[in-house]
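These are the residues of each chain, in order.
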Amino acid sequence: MTAASFPPDATTGPIREFLDQQQIDFTVWDMGAYQGFNRQLSRISTATPAPAPQSPITLTAELRRQDSNGSELAETSAEIEVTLECVVYENQPGLPVVRDGKIVRPDAKPVDRLSVTLQRDRDVEVQLTLPPLDAGLHHGAVRLIGIDALAIDDASYFTIEILPPSRLLIASDQPAEANEFADLVSAEANAAPSQYSIEISTHDDLPNLQLSDFDGIVLLDPPLSVLSGQGLESYFDSGRRTFVAAGPSLAADSGAFQDLEFERRWRVNDPGTFLEISAESHPALSPLTELPGGVPFQDLRVFQYWKTTAKTNWSTLMRYAGTQHAALLENNKRGVLLMTTPIPDLVSRRPWNELFRADNLWPMFATTRELTRYVARRDVGHWSVAVGAQVALPAKFLIDDQTAEAVKRLQWFPAGNNAPVPIEISNPDLAITPDELVAIGTANHSGTHWIRGSQTGLGFSVNLPRDRINLSRIMPEQLSEQFGDSSSVITSAEQIEWSAGDGKDMLPLWSPLMLIALAVFLLEQILANRFYGQRPASRSTADATAGATA
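Caption draft 1: Structural detail: unusual backbone geometry. That bond from L95 to P96 is cis: its omega, 0°, falls within 30 degrees of zero. For P96, the location among the structural elements is in the loop between β5 (79-89) and β6 (97-99). The backbone of D221 sits at a positive phi, close to 50°, despite the residue not being glycine. For D221, a relative accessible area of 17% gives the class buried. Positive phi, close to 55°, is recorded for D345, a residue that is not glycine. Exposure remark for D345: the relative accessible area of 2% places this residue in the buried category.

Structure (structure tokens):
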């Protein structure tokens, strides 16, 4: 019994209560430690979740070796050679499909291969490269060549959505700050194409621009009068997103912005405060919380910010350390992200913060890129889910062109040899918006899942979380904590016989079972003698013998 089967937060109260009420005891036979080793491949990650077309894409994963205690193989094999292969499934029209009772899926094309040396108790980071891909969805997997003790963690599946560059508008009255922000979000490794097509403007020029042409807008230190302008109000109502970095320019006006009141400029004594994430599961911040060791915001000090009071529709995503003051808020109804201290803040005589002035810039580099990706709707985390999770996909992929069909019928081809599942999506009066997520069911198998519909290559990837695969053995004390005195652990057959008479109110069944077996045997003999007499050949032989004697 592995520790992964009994996590510390496992709820076994109802089972324990049932066992106690029914006076049921159960015994676990400890067969000893597993003899062998297991190669485990982690989940695949990419530096850019939604890269631009024709960009080289680097896949990163960790390779781990799990050895059991007492394994002879683990003692003699200090190092093993492991080969990894990366494949990409071809987007073939008409597939997947059922032919002659068998499911035919798109072919897997190998695109990269790597060999590494794996040692005990030492994780190895591996990187494989995908070739430049066209815009659209692409599915693939990284697989370990060969076999080991546990095959379920020898492959990790991924789905990547290649998006065309998003049109991004950056408005600022400080050209240096606008250029710094543009350079930061457009920088790509290995001179790859940028994810954004950026246009820089001043706040006064906003009324002269066709804002609906942009996928996202960034406003750096805007006056409150600009935020209340008619052009931006229409943009807020369109469903697109906007990022606002509030700064000293708000002081020239007074009032509120979308039921958010700017009370006063809040100054912090030395050494200042710093940012803290409070909504860890938010799509714009969850990539930061998943980084090993987190993001060291404590190295980037904030000395001044706007103290705000939100009435309705606003939620707090980040706070200032040691306070309940909001640092990053979101009005999800109107698609506005607002930071209460300015960034990049490079030209102020008395800086409000050192977020872009400190020696270590990567915390704000990562944060700003994730916020911008969220604003431009390049956050595509719905294409990869865990086993047992609910699957929800954007309606624009499931309901093409928002047709007025009463019911949209699709086919879901799960991973493995599982039969396709019909999907019916009702969309009366076009009530479902294109960006709305539509739940289609629960993913119960790891692998690449395909959705057969009007779009070629539609699907998603499912992986089993690696924390559920842990070969460490549960301790007997943990078993007792989970199930109480009704559980016991033995290590041999002799202990089974010894424990047979150790229960309470137990009825021995060996004698009744032997009597039942004897009764069945006697009944079979009686029935055999009655219905199966002597053979005819035996009677003929006896008559011949009697005649000869006479």
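Caption draft 2: Quick look at a nonpolar patch on the surface. A contiguous nonpolar patch, built from L291, W362 and F365 and spanning about 250 Å² of accessible area, is present on the exposed surface. Within the secondary structure, F365 is located in helix α7 (residues 362-375).

Caption draft 3: Molecular detail of the sheet that holds β5. One open sheet holds the 4 strands; their spatial order is β8-β5-β10-β11, and the pairing between them is antiparallel. Every interior strand has two partners, whereas the edge strands, β8 (108-119) and β11 (155-162), have only one. Pairwise comparison of adjacent strand axes, ignoring direction, gives a mean angle of 20° for this sheet. Bridging between β5 and β8 involves 11 bridges; their strand directions are antiparallel. Note that in β8 the partner of E81 across the bridge is T117.

Caption draft 4: Highlighting the sheet that holds strand β13 (residues 196-201). The strand order across the open sheet formed by 8 strands is β13-β12-β14-β15-β22-β21-β20-β18, and the pairing between neighbours is mixed. Sheet topology places β13 and β18 (275-277) at the edges, where each strand pairs with a single neighbour. For this sheet, the mean inter-axis angle between neighbouring strands, taken without regard to orientation, is 20°. Bridge count for strand β15 (residues 241-245) against strand β22 (residues 336-339) is 4 bridges, and the pairing is parallel.

Caption draft 5: Representation of the pattern of salt bridges. Per the counting criterion, the structure on display carries 11 salt bridges. R39 is the salt-bridge partner of D154, the closest N and O atoms lying 3.9 Å from each other. Highlighted residues: D154 in the loop between β10 (136-144) and β11 and R39 in strand β2 (residues 37-41), separated in sequence by 115 residues. Neither residue differs from the other here; D154 and R39 are each classed as buried. As a salt-bridge pair, K307 and E263 come within 3.1 Å of each other at their nearest N and O atoms.

Caption draft 6: Representation of the side chain of Q195. Positionally, Q195 belongs in the loop between α3 (175-186) and β13. With a relative accessible area of 1%, Q195 lands in the buried category. Within the structure, Q195 has its side chain in polar contact with the side chain of R378 (distance 3.3 Å). In contact with Q195, other than residues within four places in its own chain, are T48, A50, A52, P164, P165, S166, E188, R369, R373 and R378.

Caption draft 7: Local environment of the pairing of strand β21 (residues 326-331). Among the 6 residues of β21, 6 are classified as buried, and the element is accordingly described as predominantly covered. Relative to β21, strand β20 (residues 314-320) is paired through 5 bridges, and the arrangement is antiparallel. The residue bridging M318 from the neighbouring strand is L328, located in β21. Between β20 and β21, which pair antiparallel one after the other, the connecting turn spans 5 residues, and G322 there sits at a positive phi close to 80°. Where β21 meets β22, 4 bridges bridge the pair, whose relative direction is antiparallel. The partner of L329 across the bridge, within β22, is L338. Between the end of β21 and the start of β22, which pair antiparallel, lie 4 residues, with G335 showing a positive phi angle near 70°.

Caption draft 8: Local environment of the environment of P56. One can find P56 in the loop between β3 (45-46) and β4 (57-67). Accessibility expressed as a relative area gives 42% for P56, which makes it partly exposed. Measuring from C-alpha to C-alpha, the distance between P56 and P131 comes to 5.6 Å, with 75 residues separating the pair along the chain. Residue contacts for P56: discarding those within four places in its chain leaves L130 and A192.

Caption draft 9: Structural context of helix α9 (residues 476-483). Residues L479, Q482 and F483 constitute the buried set of α9. With its buried residues spanning 75° around the axis, α9 presents them on a single face.

Caption draft 10: Structural detail: the nonpolar core. Counting 39 residues, the largest nonpolar core has F243 and I343 as its most contacted members. Residues contacting I343, with those up to four places away along its chain left out, are F181, L220, F243, A245, L355, F356, M364 and T368. If you look at the next biggest cluster of nonpolar residues, it comprises 26 residues, including V226, L232, V244 and F257.

Caption draft 11: Region of the structure containing the packing of α3 against α7. Viewed as axis vectors pointing N to C, α3 and α7 meet at an angle of 85°, and their least axial separation amounts to 9 Å. For the element pair α3 / α7, the angle class is roughly perpendicular. Two secondary-structure elements touch here, α3 through F181, L184, V185 and S186 and α7 through F365, T368, R369 and T372. Taken together, the residues of the contact of α3 with α7 sort by class into 4 nonpolar, 3 polar and 1 charged.

Criteria and thresholds
- Residues numbered from 1 in each chain as written.
- Predicted model: local features only at pLDDT ≥ 70, side-chain atom pairs only at ≥ 80, totals over all residues.
- Heavy atoms only, no water.
- Helix = DSSP H or I, 4+ residues; strand = E, 2+ residues; numbered from the N terminus.
- Buried < 20%, exposed > 50% of the residue type's maximum accessible area, 1.4 Å probe, protein only.
- Patch = residues over 30% accessible without salt bridge, like charges linked within 9 Å, V, L, I, M, F, W, Y side chains within 5 Å.
- Areas by Shrake-Rupley, 256 points an atom, 1.4 Å probe, with all protein chains shown as cover.
- Salt bridge = Lys/Arg side-chain N within 4 Å of Asp/Glu carboxyl O.
- Pairing = 2+ DSSP bridges.
- Axes fitted to C-alpha atoms, helices over the stretch in contact; angles between N-to-C directions.
- Polar contact = N/O pair within 3.5 Å; in protein donor to acceptor, adjacent residues only side chain to side chain.
- Contact = heavy atoms within 4.5 Å.
- Arc of directions from axis to C-beta.
- Core = buried A, V, L, I, M, F, W, Y, C linked by side-chain atoms within 4.5 Å.
- Parallel < 35°, antiparallel > 145°, perpendicular 65-115°, else oblique.
- Nonpolar A, V, L, I, M, F, W, Y, C, P; charged D, E, K, R; others polar.

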